[in-house]
Amino acid sequence: MKQNRIFQVEPSIDDSDIKSVVDYLNSGGWLTEHKITQELEKNIKDFIGRRYSHAVPNGTIAIYLALLASGIGKGKKVGVPNLTMIATINAIIWADAEPVLIDVDESLCLSYEQLKEFNDLDALIFVPLNGRTGDGEKIEELCRENNILLIEDSAHALGSNYKSKKCGFLGDLSIFSFTPHKIITMGQGGMILTDNDEFNNNIFNLKTFNRSKDKQDWHDGFGLNFKITDIQSSLGLSQFSKLNMFIENKRKNLEIYRKNINNKEISFIDFHEDEVPWFFDIVCSSKEYKEEIKEHLSKNNIETRDCYPALSFQNYLKEVEKTDLSHSEKISENILWLPSSNALTKEEIETISNLISNHS
Ligand SMILES: Cc1ncc(COP(=O)(O)O)c(C=O)c1O
């Protein structure tokens, strides 16, 4: 039942999701990762057009394993956009590699112009933040020419598209996340995709204890347990079957916001027609004005969320190598994420928009 409070985001679960999980539980399956997870992996890799995919417990682990499997660890430098969720950089630190902070451009994605100034990166993580794709394809070309391994952190962007390819198809490896606020969810969950045979084997071995093929409980090398469960994947499958509906909904809701918000202190960042908005973001004229809007909406029982702070603002990252990060540092403070759930009604979006428009 819908409560009065409008949350910034909530999962979109319906009877078909419940049925999918209950049917699985009734099937006598062994609960852990098996055929249902393989089906989900296949569906997602086929949708993206990649050769290999591996489900893992979450997006953070997916980035970590992508780095490990491609040999990015101690002594390697990895570029990362200064505006992203903390998991992107923490996975680099976890892998014992050295992060380098790079500014973002107007699209909020890593800046191609700034990237060109670096000549000592071993790898780069590109993030199609909030479903926007920026100069991702040009950056892929630059990485290829300069022998920089490219990982796409597509946690926000399942279903979104660059000009000529899907998000999840950029670079050497790509990842998705399936937490409750993502485009599709399975509670927790992540996926790593690649076309590279060696990386594929490495991911599989790292994920499954590196078991010898012919002798039980013998191991060909180091490996851990990053498997998921078929319970989660049964939810993932039913959610994935509704991806197009979720995408349509996101696009439709964005249009309603855009049509109804009319406030000279607020601007928008464009999406091109093949991109999918994940969260509905507004750019306020100042940090102070953002606080005012936030409070005004909160008083009306409407929850919002601040954009991620620039990574360079986090105290424990103060020593990380960086260049001029002025754009990400400034804009991150002015962006507010409005309610973005699939369950939002047209009336709710109009109410939120009117509150924003009428606030002087
Ligand atoms: C851009 C980005 N990368 C990685 C992650 C990590 O994903 P997870 O929460 O599944 O570990 C997130 C999570 O929100 C994210 O937003």
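For the structure, see preceding data.
Summarised in this report is the structure supplied together with it. (Residues numbered from 1 in each chain as written. Predicted model: local features only at pLDDT ≥ 70, side-chain atom pairs only at ≥ 80, totals over all residues. Heavy atoms only, no water.)

Considering the overall build of the chain
- Of regular secondary structure, the chain possesses 12 helices and 12 strands.
- Computed over C-alpha atoms, the radius of gyration of the chain comes to 21 Å, within 12% of the 21 Å expected from 2.2 N^0.38 for 360 residues, which places it in the range of a compact globule.
- The dimensions of the chain, computed from C-alpha atoms along their principal axes, are 70 × 55 × 35 Å.
- Going through the 360 residues of the chain one by one, you find that 55% of them count as buried.
- Partitioning the contacts of the chain with sequence separation of at least 6, the portion at a separation of at least 24 is 69%.
- Total accessible area computed for the chain in this model is approximately 16,300 Å², and 50% of it derives from carbon and sulfur atoms.
- Distance between charge centroids for the chain: 3 Å, based on 40 positive and 55 negative side chains. (Helix = DSSP H or I, 4+ residues; strand = E, 2+ residues; numbered from the N terminus. Rg over C-alpha atoms; globule rule 2.2 N^0.38 Å. Buried < 20%, exposed > 50% of the residue type's maximum accessible area, 1.4 Å probe, protein only. Contact = heavy atoms within 4.5 Å. Areas by Shrake-Rupley, 256 points an atom, 1.4 Å probe, with all protein chains shown as cover. Lys, Arg positive; Asp, Glu negative; His and termini not counted. Charge placed at Lys NZ, Arg CZ, Asp CG, Glu CD.)

Here's the deal with the pairing of strand β2 (residues 77–81)
- With 5 of its 5 residues buried, β2 lies for the most part within the structure.
- As judged from the 5 bridges shared by β2 and strand β3 (residues 98–102), these two strands associate in the parallel manner. The residue of β3 that forms the bridge with Pro81 is Ile102.
- Read as a crossover between parallel neighbours, the route from β2 over helix α4 (residues 86–94) to β3 is right-handed.
- By the bridge criterion, 2 bridges tie β2 to strand β4 (residues 123–126) in an arrangement that is parallel. When the sheet's bridge partners are listed, Gly79 is paired in β4 with Leu124. (Pairing = 2+ DSSP bridges. Right-handed = clockwise from strand over helix to strand, strands pointing away.)

Considering the site of the ligand
- Lining the immediate surroundings of the ligand are 17 residues, of which Gly59, Thr60, Asp153, His156 and Ser177 lie closest.
- Within the contact set of the ligand, a nitrogen atom lies 2.7 Å away from a side-chain nitrogen or oxygen of Asp153.
- Contact distances for the ligand include 2.8 Å between an oxygen atom and a side-chain N or O atom of Ser177.
- Look at the ligand: alone it shows 390 Å² of surface, and the protein chains cover 94% of it.
- When residues of the shell around the ligand are traced back to their parent elements, those giving at least two are α3 (59–69) and α4. (Near = heavy atom within 4 Å. Polar contact = N/O pair within 3.5 Å; in protein donor to acceptor, adjacent residues only side chain to side chain.)

Some remarks on the packing of aromatic side chains
- Scanning all chains against the criterion turns up 9 aromatic pairs.
- The interplanar angle of 80° and the centroid separation of 6.5 Å between the aromatic rings of Tyr64 and Phe226 together place this pair among those described as edge-to-face. You can see Tyr64 sitting in helix α3 and its partner Phe226 sitting in the loop between α7 (197–207) and α8 (230–240), a full 162 residues away along the chain.
- Aromatic pair Phe126 and Tyr162: ring centres 6.3 Å apart, planes at 45°, arrangement tilted. (Phe/Tyr/Trp six-rings, centres within 6.5 Å; stacked < 30°, edge-to-face > 60°.)

Keep in mind these values describe shape, not function.
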